[in-house]
Amino acid sequence: MQKRILITGGAGFLGSHLCERLLKDGHELLCVDNCFTGTKQNIIHLMTNPNFEFIRHDVTFPLYLEVDEIYNLACPASPVHYQHDPVQTTKTTVHGAINMLGLAKRIKAKILQASTSEVYGDPSIHPQPETYWGNVNPIGIRSCYDEGKRCAETLFFDYHRQHNLRIKVARIFNTYGPRMHPDDGRVVSNFIVQALKNIPLTVYGDGSQTRSFCYVDDLVEVLIRLMESPDTFIGPVNTGNPVEFTILELAQKVIDMTGSKSEIIFKPLPNDDPKQRKPDITLAKKELGWEPKIKLNEGLKKTVEYFDNLLKANRD
Ligand SMILES: NC(=O)c1ccc[n+]([C@@H]2O[C@H](COP(=O)([O-])OP(=O)(O)OC[C@H]3O[C@@H](n4cnc5c(N)ncnc54)[C@H](O)[C@@H]3O)[C@@H](O)[C@H]2O)c1
């Protein structure tokens, strides 16, 4: 059945892939974005589709539309961008959530929140199950994002309890793939761009900190499964790839894959940088029958191809 779906942050990295997939599934899409970190370029290939509409709008202001479902993704996701204007980041997470929840309540739409593994902060247990309450610094430089996303989760659950809203909360772990922003400082895009330019790969700390990386197609699949799951399953649910790599292993892999002449250099760890991050995805497996399928090598290959083309196009 065709649905009308609103995606906030739809011109961003994850949002543009989600738009693409939902259009392919035959739905009608309203993509809302203020183009802070996203670009029209990410969705330009969808613009001619009669089922697709782009609306430039900032979610910190109310929005009146008629839709069946809302995916709330609007929010800069990388530290470089969310720390650029931290007050606006908190407004986007909190006011944005209030505005989208208000809309969902008015029109009786189902609404999904793109939350984050950052709600766990620098975790003291490993891997993190959804029952873990986190270890977050409320006054640090990452707090605008971490606490903003935590408050958004609170709002989602209160709208559910107080107004019976149909909600879904996904806690997204590191995701990568084509259309990541080349200068956003996220580790995968950083390493690939540095390797392709044959300049040193910057590792913060000694590189022994671990991360798990989920390819974007796997992530899009689990968001859709969550949205389509029974109303009784609301999450929060961890969505990510539990296979762990050290940052140093990732750097070496990228150098090998690109045939780069880059060396690896080490810089001090930024404040509040988590040492380990790995999702426990038992709940997603049980409730959504989902687990990631795309291996790091396969996903990295597609991402390297994307950045290679992007850098070539920028040179021409
Ligand atoms: N990519 C990841 O690894 C990851 C991990 C955890 C959570 N998430 C969450 O997923 C969502 C999408 O992340 P992404 O990686 O695609 O980041 P992104 O920066 O590429 O996309 C975010 C989009 O939101 C838009 N936006 C920002 N502020 C806005 C506002 N006030 N009004 C309207 N639009 C606004 C941006 O222009 C951009 O298009 C975010 O909510 C992020 O917190 C992503």
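Residues numbered from 1 in each chain as written. Predicted model: local features only at pLDDT ≥ 70, side-chain atom pairs only at ≥ 80, totals over all residues. Heavy atoms only, no water.

Peer 1: Looking at this model, I keep getting lost on the site of the ligand. Mind explaining?
Peer 2: For the ligand, the set of nearby residues contains 31 residues, the closest of which are Leu14, Asp33, Thr37, Tyr145 and Arg186. Phenylalanine 36 is positioned with one of its backbone polar atoms (N or O) 2.9 Å from an oxygen atom of the ligand. Within the side chain of aspartate 58, one N or O atom sits 2.9 Å away from a nitrogen atom of the ligand. Alone, the ligand offers 810 Å² of accessible surface; in the complex the protein occludes 97% of this. Where the shell around the ligand is concerned, the elements lending two or more residues are α1 (13–24), α3 (86–107), β5 (110–116) and α4 (143–163). A total of three residues in the shell around the ligand trace back to one element, the largest contributor, which is β5. When grouped by side-chain class, the residues that make up the shell around the ligand number 15 nonpolar, 12 polar and four charged. (Near = heavy atom within 4 Å. Polar contact = N/O pair within 3.5 Å; in protein donor to acceptor, adjacent residues only side chain to side chain. Areas by Shrake-Rupley, 256 points an atom, 1.4 Å probe, with all protein chains shown as cover. Helix = DSSP H or I, 4+ residues; strand = E, 2+ residues; numbered from the N terminus. Nonpolar A, V, L, I, M, F, W, Y, C, P; charged D, E, K, R; others polar.)

Peer 1: Whenever I open this one, the state of the cysteines confuses me. Can you help?
Peer 2: Covalent bonding between the sulfur atoms of two cysteines is what defines a disulfide. Applying the stated criterion to the full structure yields zero disulfides. In this structure cysteine 35 is a free cysteine whose sulfur lies 7.9 Å from that of cysteine 31, the closest cysteine sulfur available. Cysteine cysteine 144 is unpaired, with the sulfur of cysteine 75 as its nearest cysteine sulfur at 8.4 Å. We classify cysteine 144 as buried; its relative accessible area is 9%. (Disulfide = S-S within 2.5 Å. Buried < 20%, exposed > 50% of the residue type's maximum accessible area, 1.4 Å probe, protein only.)

Peer 1: Would you mind showing me how to read the environment of leucine 283 here?
Peer 2: The residue leucine 283 is located in helix α8 (residues 282–288) in this model. Residue classification places leucine 283 among the partly exposed positions, given a relative accessible area of 24%. Along the sequence, leucine 283 and glutamate 298 sit 15 residues apart, while their C-alpha atoms lie 25 Å from each other. Among all residues touching leucine 283, those that are not within four sequence positions of it are Glu130, Phe233, Pro236, Val237 and Leu288. (Contact = heavy atoms within 4.5 Å.)

Peer 1: Got a minute to help me understand the pattern of salt bridges in this structure?
Peer 2: Side-chain pairs of opposite charge can arise where the charged atoms are in close proximity. Counted by the stated rule, this structure contains 15 salt bridges. One salt bridge in this structure joins glutamate 20 and arginine 179, with 2.6 Å as the shortest N-O distance. With a gap of 159 residues between them, glutamate 20 in helix α1 and arginine 179 in the loop between β7 (175–176) and α5 (187–196) connect regions that are remote in the sequence. Residue glutamate 20 is classed as partly exposed on the basis of its relative accessible area of 22%. Between glutamate 118 and arginine 142 there is a salt bridge, and its shortest N-O distance comes to 3.1 Å. Of this pair, glutamate 118 sits in the loop between β5 and α4 while arginine 142 sits in the loop between β5 and α4, placing them 24 residues apart in sequence. A single network of salt bridges, built from pairs that share partners, joins Arg21, Asp25, Glu221 and Arg225. (Salt bridge = Lys/Arg side-chain N within 4 Å of Asp/Glu carboxyl O.)

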